[in-house]
Amino acid sequence: MTAWTADRIPDQHGRVAVVTGANSGLGLLTATELARRGARVVLAVRDTEAGREAARRIGGDTEVRHLDLASLASVRAFAEKLSADHPVIDLLINNAGLVLLGPRHTTADGFELHLGTNMLGHFALTGLLLGNLAAAPAARVVSLSSITHKKAHLDFDDLMCERNYKAPEAYSRSKLATTAYGVELDRRLRAAGSPVLSVLAHPGLTRTNLTPRAWEHRGRLGAFVARAGLLATQPVEQGVLPQLRAATDPEVRGGQFFGPGGLGETRGRVVEARLGREAGDPGIARRLWETAERLTGVTCL
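Calculation rules
- Residues numbered from 1 in each chain as written.
- Predicted model: local features only at pLDDT ≥ 70, side-chain atom pairs only at ≥ 80, totals over all residues.
- Heavy atoms only, no water.
- Helix = DSSP H or I, 4+ residues; strand = E, 2+ residues; numbered from the N terminus.
- Rg over C-alpha atoms; globule rule 2.2 N^0.38 Å.
- Contact = heavy atoms within 4.5 Å.
- Lys, Arg positive; Asp, Glu negative; His and termini not counted.
- Charge placed at Lys NZ, Arg CZ, Asp CG, Glu CD.
- Salt bridge = Lys/Arg side-chain N within 4 Å of Asp/Glu carboxyl O.
- Buried < 20%, exposed > 50% of the residue type's maximum accessible area, 1.4 Å probe, protein only.
- Pairing = 2+ DSSP bridges.
- Axes fitted to C-alpha atoms, helices over the stretch in contact; angles between N-to-C directions.
- Expected span 1.5 Å × (residues − 1).

Here's the deal with the overall build of the chain
Alright, step 1. Each helix and strand in the chain was counted, giving 10 helices and eight strands.
Alright, step 2. Computed over its C-alpha atoms, the radius of gyration of the chain comes to 18 Å, within 12% of the 19 Å expected for a compact globule of 301 residues.
Alright, step 3. Overall, the C-alpha framework of the chain stretches about 50 × 40 × 40 Å when taken along its three principal axes.
Alright, step 4. Sequence separation of at least 24 residues holds for 71% of the intrachain contacts in the chain that already meet a minimum separation of 6.
Alright, step 5. Of note, the chain has its 37 positive side-chain charges centred 5 Å away from the centre of its 31 negative side-chain charges.

Rendered as structure tokens:
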């Protein structure tokens, strides 16, 4: 089978695409490829100056909007203004991600920072934009997972990791939550007869700025470890392909999960990836969904 590449992205003229975390890494390249094929791309970023610089590099039809996923007030303000300006949204790529390997931090709303940013912020954003997505003829929501989700466990008695905090586990847990949410979103969309598809992707081990930032708290030692870790990663141009396929391949079905096919799903051509056990458990997903609705105050479907 021929490997899937960005050259297979169909024409995107007339479509509105929202990409969170679009000013660097996977998000920047995703926005670039979509804009190159004619989409109007909304760069949803926390740092608007970096977003404007990214928009200049991308060219095409882009706009920059402030979004801080670690603040539900920011998510609501972003969604309200975006909904008014774009009644129809064709594509929402929940790309933004955070990994910090230092001490425990919380969001503006008191959530553990990884879970609050990577999953709960995107949960609220998606719920607030579902009406706009449903107004499009073939809309998609793409959630960005990680291979680390497969060994994670959701402890509903300590979802915010207040006991024995370990940053790598908190990050993996947030990605498990993101993955279970993406699968459950598709189940609910299908049950509701919605035209919107929920699709998932993960980049394997890819060379982005997340690794250096994760080790910033360790100074020179952290910089050395981060550089050494990057040697084991694949280029971002390869790592971005799973989410681009999830977003644009006309043959994609709701609930599919894409990732690299080589060396334990860490690198290589795009294939269908395997869900971790908890990510595919409907009971866990329902409990997580109900918890997310309670925590965010956003009702999704």
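Quick look at the pattern of salt bridges
Alright, step 1. All told, the structure shown has 20 salt bridges when counted by the stated rule.
Alright, step 2. One salt bridge in this structure joins R40 and D61, with 2.2 Å as the shortest N-O distance. One end of the pair, R40, is in strand β2 (residues 40–45); the other, D61, is in the loop between α2 (48–58) and β3 (62–66), and 21 residues separate them in sequence.
Alright, step 3. Take R40: its relative accessible area is 28%, and that puts it in the partly exposed class.
Alright, step 4. Between R190 and D186 there is a salt bridge; the shortest N-O distance is 2.6 Å. With R190 and D186 both in helix α5 (residues 167–191) and four residues apart, this pair spans about one turn of that helix.
Alright, step 5. In this structure D186 comes out as buried when scored by relative accessible area, which is 7%.
Alright, step 6. Each member of the salt-bridge network shares a partner with another, and the members are R40, D61, E63, R65, K81 and D85.

Structural notes on the sheet that holds strand β4 (residues 91–94)
Alright, step 1. Spatially, eight strands are ordered β3-β2-β1-β4-β5-β6-β7-β8 in an open sheet, and the strand pairing comes out mixed. Where the open sheet ends on each side, the last strands, each with one partner, are β3 and β8 (267–272). The mean inter-strand angle of the sheet, taken between neighbouring strand axes irrespective of direction, is 20 degrees.
Alright, step 2. Looking at chain direction, β2 and β3 are connected through five bridges and run parallel. Counted as the bridge partner of V42 is E63 from β3.
Alright, step 3. Contacting β1 (16–20), β4 and β5 (140–144), helix α4 (residues 113–134) runs over the sheet at an angle of about 175 degrees to β4.
Alright, step 4. Across the sheet, α5 lies against β5 and β6 (197–201), angled at about 155 degrees from β6, the strand it touches most.

A word on α5
Residues that lie three or four places apart on an α-helix share one face, since the helix turns once every 3.6 residues.
Alright, step 1. Between the first and last C-alpha of α5 there are 36 Å, a value that for 25 residues agrees with the 36 Å anticipated at 1.5 Å per step.
Alright, step 2. Immediately beyond the C-terminal end of α5, within one or two residues, lies G193, with a positive phi of roughly 70 degrees.

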